[in-house]
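# Analysis of the macromolecular model
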Amino acid sequence: MSSSPAIVYANRICDSETMTNKLIYQVRQDQLSPAELNKLQARCNRELNELRQELDELLHELRDIAQRNAVPVPQTPSRKAA
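Values in this document were obtained by computation on a predicted structure and should not be read as measured data. (Residues numbered from 1 in each chain as written. Predicted model: local features only at pLDDT ≥ 70, side-chain atom pairs only at ≥ 80, totals over all residues. Heavy atoms only, no water.)

A few words now on the pattern of salt bridges. Tallied over the entire structure, the rule returns 3 salt bridges. Two residues, E54 and R12, come together in a salt bridge whose shortest N-O distance is 2.2 Å. Taken together, the residues span a long stretch of sequence, with E54 in helix α2 (residues 34–69) and R12 in the segment before α1 (17–28) at a distance of 42 residues. With relative accessibility at 35%, the residue E54 sits in the partly exposed group. Put simply, R12, E50 and E54 are held in one network by salt bridges that share partners. (Salt bridge = Lys/Arg side-chain N within 4 Å of Asp/Glu carboxyl O. Helix = DSSP H or I, 4+ residues; strand = E, 2+ residues; numbered from the N terminus. Buried < 20%, exposed > 50% of the residue type's maximum accessible area, 1.4 Å probe, protein only.)

Structure follows, in structure tokens:
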């Protein structure tokens, strides 16, 4: 039998408004120990880095789509009336 951690987070903190509000309340009420605050900070940093990576990937995909869909504009020589 494998042991699992006591607390398993299935979602990101930002994915659950209830979880976010609960953590905000606990922090404001000074209910978290320094060790718990350190764990929370580390988790927030990890999640932020994951979100940044996902955003970078999405932006790269959007740039690829935009480049594929770009219609070349025909260049006509400019003629000035004399």
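Back to the text.
This part is about the side chain of E47. In this structure, E47 sits in helix α2. The exposure class of E47 is buried, given its relative accessible area of 9%.

Further remarks concern α2. Over its 36 residues, α2 runs 52 Å from end to end, which matches the ideal 52 Å to within 8%, given 1.5 Å per residue. Those residues of α2 lying buried are L40, R43 and E47. On its buried face, α2 is in contact with α1. (Expected span 1.5 Å × (residues − 1). Contact = heavy atoms within 4.5 Å.)

This next bit is on the side chain of R43. As for its placement among the helices and strands, R43 is situated in helix α2. Polar side-chain contacts of R43 include one of 2.7 Å to the backbone oxygen of N11. Only 2.7 Å separates the side chain of R43 from the side chain of E47, close enough to count as a polar contact. (Polar contact = N/O pair within 3.5 Å; in protein donor to acceptor, adjacent residues only side chain to side chain.)

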